[in-house]
Amino acid sequence: MLASIHTAPLEAVGAIPATGAASLAWLLVAIPLASAAVLLVAGRRSDSWGHWLGVLAPVLSFLLGATIAIQLLGLPADDRVMTTQLYPWITTPELSIDFGTRVDPLSVTFVLLVTFVGSLIHVYSVAYMEHDIDRRRFFAYMNFFVGAMLLLVVADSYALLFVGWEGVGLASYLLIGFWNFNPDYATAAKKAFVMNRVGDVGLLLAMGAMFTTIGSVSFEDVLGAEFSAAWATAIGLFLLLAATGKSAQFPLQAWLGDAMAGPTPVSALIHAATMVTAGVYLVVRSGPVYLQSPDAQLAVAIIGAITLLFGAIVGSAKDDMKKVLAASTMSQIGYMMLAAGLGPIGYAFAIFHLFTHGFFKAGMFLGAGSVMHGMNDQVSIRRFGGLSTYMKVTWVTFMMGWLAILGIPPFSGFWSKDKIIEAAFVGEGWHPWVFGTVALLGAGITAFYMSRLFFMIFHGDKRWTKAPEGPDQHPHESPALMTVPMVILAIGSVALGGLLSVGGSFVTWLEPVTGHAEHHEPVLPVLVIMIATIAVVLAGVAIAWRMYVAVAAPMTAPHGSALTRAARNDLYQDQLNEAVFMRPGQALTQGLFLADEYVVDGTIEGTAFGLASIGRVASRLQNGYVRSYAGYIVGGAAVAVVVMLASRM
Amino acid sequence: MSLTNYLVLAVVLFTIGGTTVLVRRNAIIAFMGVELMLNATNLSLVTFSRMHGNLDGQVMAFFVMVVAAAEVVVGLAIIVSIYRTRRSASLDDVSLLKH
Amino acid sequence: MNALLLVPAALNADGTVSSGETVLFWVIAPLMVLGALALVFSRRAVYAAVSIIFVMIGLAFLYVAQDAVFLGVTQVVVYTGAIMMLFLFVLMLVGVDASESLIETIRGHRPLVGLFALGLVVGLGGVVISAAYSAPVGLEALNADSNPVGVARVLFGQYALAMQLTGALLIVAAVSAITLTHVERLLPLVTQRRVADAKMEAWAARGARIAQLPASGVYATHNGADIPALSATGEPVMASVPRVLRVRGQQLEIGDFAPNIAAERDRPTGQSGLPNMPGEPAPQLTQGEEER
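Sequence positions are assigned chain by chain, starting from 1 and proceeding in written order. Chain A is the first chain written and ligand 1 is the first ligand written, with later ones labelled in order. In view of the model being predicted, local features appear only for residues whose pLDDT reaches at least 70, and side-chain atom pairs are presented and counted only at 80 or more, with totals across whole chains, interfaces and linings using the full set of residues. Water and hydrogen atoms play no part in the side-chain values, which are based on all heavy atoms of the structure.

(A) Inspection of the pattern of salt bridges at higher detail. All names here are of chain A. Take a side-chain nitrogen of Lys or Arg and a carboxyl oxygen of Asp or Glu: if they are within 4 Å of each other, that pair is a salt bridge. One pass over the structure, following the stated rule, counts 18 salt bridges over all chains. Ionic pairing is found between Glu220 and Arg102, a salt bridge with its closest N-O pair at 3.3 Å. Taken together, the residues span a long stretch of sequence, with Glu220 in helix α7 (residues 219-224) and Arg102 in strand β3 (residues 96-103) at a distance of 118 residues. Note on Glu220: relative accessible area 39%, which makes it partly exposed. The salt bridge partner of Asp574 is Lys191, with a shortest N-O separation of 2.8 Å. Here the residue Asp574 occupies a position in helix α23 (residues 573-619), and Lys191 occupies one in helix α6 (residues 183-214), the gap between them amounting to 383 residues. Secondary structure follows DSSP: runs of H or I at least 4 residues long count as helices, runs of E at least 2 residues long count as strands, and numbering of each begins at the N terminus. Accessibility here uses a 1.4 Å probe with only protein chains present; expressed as a share of the type maximum, an area under 20% marks a residue as buried, one over 50% as exposed, and anything in between as partly exposed.

Given below as structure tokens:
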């Protein structure tokens, strides 16, 4: 059982009031939001300079975030958790929630990731969206997203986190459906938002459970409180539901593929580096709660493992390069969730992998955008090939990202992913064998499909479209504004992992939040795991080479096996959702509609009809004859007299 | 015989007057029924006056008579003017106020 | 003691009435009820009016028997004499010969009315019979100076204002009767000149009679309605017999009632052509004598 690994509750470091730059953490949120507001209100007048303001905002936030990080590095480890109270929000006798910020290593890590990668992507977007008339609006939404994401990570209570959570959901909707004149894109945006909403119910239920048990939803109170096992499991599972919605984990993963309908910078920033990692942030942040419920932890790990394989299988069969990258994201976040479900030993590695993944995945997405830019917005990898000679910078930066995700040493992916696989092999009973094997297998399949992607785009024969079946292709390298961010991210993909692993500095940095985890030996020797990992990776690469480079890759998708066809169909996830949720939901709605029309309206109208009928019958008394009316008067008088007489008897 | 007999007679005349109003179609005869009802009331008033030894009853009966006279004048004038326009004094002809 | 008061109206000590009054009551009351029933059931309007007059006179009898002498006389004078006469006048206007069919047009009205009437009689009768009255006092004391004086004391004492108001009411009623029956002049007033012009036009168009017929009595030898009047030429004027009699064929010929006049009329007379005017024809004048 995992419980044997950690016996004592997490020794959370107490928060101290913020000083210095940390007390200005609210500016991190305010600057991008203000910029978004300005860009939206200024309207068309700001079309000429709006994008530069949009670039400036995350850069400023990055500078502030870096300042805060430097400040934290200068403080002793015990002083690194700082909170600031801004102003009261909800003040009722039972519950009071304040706006406040919490600056600690975890949130600062995320701040740096979001602002740095975000700034690079903003710069990239200046050139990528150059021909789009709505570029200014795009930057407004991107800034709004950055602001909401930063709010999510610097919030000091679950309620404020939820505000940021919803904000990024809204930003995702706005950006996926940015070209909303295309109904398919608008539908994809709705799908993303609705599935996110399903997850949000989990977060609301979790907050409700927290309020019921300890009467507060702030991190200070919740992370230091003791819950009964039942409540801890309940909260853990609710938070897991929220995380699956936001991070596109099984069973709420169906929206991520369709979310690629948005512009490529959106896919890079939101659906690779940042928003989808919010679920992992939530789980890691709620570590102390999960520690009290081994069952919830197991659920997290299982979900992560399932999604890991799911994404890998789906990614192996897709022909749209952005969808391959989306499936890859799903799978990598499965790794992070698996790690987070393993307990304190896994938290740090989950965040580490998240950090490095942000760099190399964003880099690969930008590369994909660059390829699209040079190939008339073509996305099918079956019509690429041989682009390495035409788009050199894109090729090299993409290769760096590819090598990183494979986990080839010394690239950054190796440092983070390998550690997760190692941690997966730690434990007792069936856990380490199942999780470890799954992680290993996933690594192999990842290697296969990422190599397939890389080879089919940049190597092999040229399978480009020619008129009249498609536009004539003249691939060319992208402008500097696009290539420079790609280069910077590639440098990160190469070096970051190694740098941060020196002396376990990253893990130590996160200890105030994740707690110190004792080191346990995995069930297989570390060296064996490492060799096995590299072996499966190389095997995956070799198979991909064999299938797509040594042999000419077909231009149209072959029929394929049943598994291939299923994978192309996202393993029938949409059909399943439809059958299990949509159809019954529609039936319920239809039933309610009919009930409203026939039962509710029927009752009302039936009553009215009944009364009208009574009225119609009674109106026959009005026959217009004076003598009848006189008769009624006499009759009434007679009745009154008889009653009076009877009452006196 | 006591004075109650007069009262019973008054009741009977009253009822017959009421029946006339209800049964007869001719407006003037219905009006006569109303007069009969008023007379019956007068009889009962006079009887009560005798019973209580108080002349107020007779004075009331006197006023009833006066008012009945005025009412007959106006009522018959109405009937005459209706007859002039519609050439009919039947109560059943004025039956437009129905559903 | 009032000499007019022939009926002993004094009550006995236990509140019952004297035997004379009992007899009077039991004679008049059934007749009154029969009269009232005749009002309900008679087909002709005038019969109904006469029945109700009968009832009202009966009521006057009862009033006098109950020590309400003034009211009894007023009943006859006002009710029977004025109000019922008014009814009869209006009946004449509206249609004295109109008789009503006894078939009921409104469905279910008769039984319902019967039920209500029965209920009313039983109910009110029951109330009246079962009520507990204090011992009857009688009007001996108050009528000491005769009933009209007693009534006058109360009427002009307590009810003086009511008297004034009823006076005003009567005036209003009279004025309203005039107003209600006022007929607006829709056509222009027919003057004598217009009548004369109309007669001339009618004669020119279709040879209608211009002059009046002789008034009744002129050239008349009889004054029966079924006997035609004679014109100046001795011809009978059939228009002088009422249309009803003519339609029934009841008018008489001149020969039926005055054969001498017929003979005189039919005797050939001289040139004048007038009856009873004998004479030779006028002398023929020569041409030359005319010129003179």
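(B) Just a negative patch on the surface, in detail. Residues and elements named next belong to chain A. Among the surface-exposed residues, Asp596, Glu597, Asp601 and Glu605 lie close enough to one another that they form a single negatively charged patch. For Glu605, the location among the structural elements is in helix α23. Look at Glu605 and you get exposed, because its relative accessible area is 54%. Patch rule: a residue counts if its relative accessible area is over 30% and it has no salt bridge; like charges are joined within 9 Å, and nonpolar side chains (Val, Leu, Ile, Met, Phe, Trp, Tyr) within 5 Å. Under the convention used here, a 1.4 Å probe and the Shrake-Rupley method define accessible areas, while residue burial counts only the protein chains that appear. Residues scored as positive are Lys and Arg, those scored as negative are Asp and Glu, and His as well as the terminal groups of each chain are ignored. A charge is said to be at NZ when it belongs to Lys, at CZ for Arg, at CG for Asp and at CD for Glu.

(C) View of the nonpolar core. The biggest cluster of nonpolar side chains holds 197 residues, and the ones touching the most others in it are Phe145(A) and Tyr158(A). In what follows, a contact means two residues having at least one pair of non-hydrogen atoms within 4.5 Å. Residue contacts for Phe145(A): discarding those within four places in its chain leaves Val168(A), Ala171(A), Leu175(A), Leu269(A), Ile270(A), Thr274(A) and Met275(A). Ranked by size, the runner-up nonpolar core spans 70 residues in total, among them Ala40(B), Leu76(B), Ala89(B) and Tyr63(C). What is meant by a nonpolar core is a set of buried Ala, Val, Leu, Ile, Met, Phe, Trp, Tyr and Cys residues, joined one to another through side-chain atoms within 4.5 Å.

(D) Up close: the interface of chain B and chain C. Contact residues are listed per partner, giving 67 residues for chain B and 88 residues for chain C. By convention, the term buried area covers the 1.4 Å-probe accessible surface removed from two parts as they join, with the contributions of both added. Across the chain B to chain C interface the summed buried area is about 6900 Å²; carbon plus sulfur atoms make up 75%. Arg50(B) serves as the salt-bridge partner of Glu21(C), at 2.7 Å between the closest nitrogen and oxygen. Any pair of N or O atoms that falls within 3.5 Å is considered a polar contact. Within protein, one atom must be able to donate a hydrogen and the other to accept it, and sequence-neighbouring residues count only if both atoms are side-chain atoms. Where chain B meets chain C, there are 17 residue pairs in polar contact (both at pLDDT 80 or more). Contributing elements (two or more residues each) for the side of chain B that touches chain C: α1 (4-23), α2 (27-52) and α3 (56-86) of chain B. In terms of residues, the side of chain B that touches chain C owes the most to one element, α3(B), which gives 22 residues. Residues were grouped as follows: Ala, Val, Leu, Ile, Met, Phe, Trp, Tyr, Cys and Pro as nonpolar; Asp, Glu, Lys and Arg as charged; and all remaining residues, including Gly, as polar. Among the residues making up the side of chain B that touches chain C, the classes are represented as 43 nonpolar, 17 polar and 7 charged.

(E) Spatial organisation of the interface of chain C and chain A. Counting residues at the interface gives 14 residues for chain C, matched by 14 residues for chain A. At the boundary of chain C and chain A, one finds 0 salt bridges. When its residues are assigned to classes, the side of chain C that touches chain A shows 7 nonpolar, 6 polar and 1 charged.

(F) Structural view of the sheet that holds strand β1 (residues 16-17) of chain A. All names here are of chain A. Two strands make a pair as long as DSSP finds a minimum of two bridges between them. One open sheet accounts for 3 strands, arranged β1-β2-β3; its pairing is mixed. Sheet topology places β1 and β3 at the edges, where each strand pairs with a single neighbour. With 2 bridges connecting them, β1 and strand β2 (residues 82-91) associate as parallel partners. Its bridge partner being in β2, Pro17 is matched across the sheet by Thr83.

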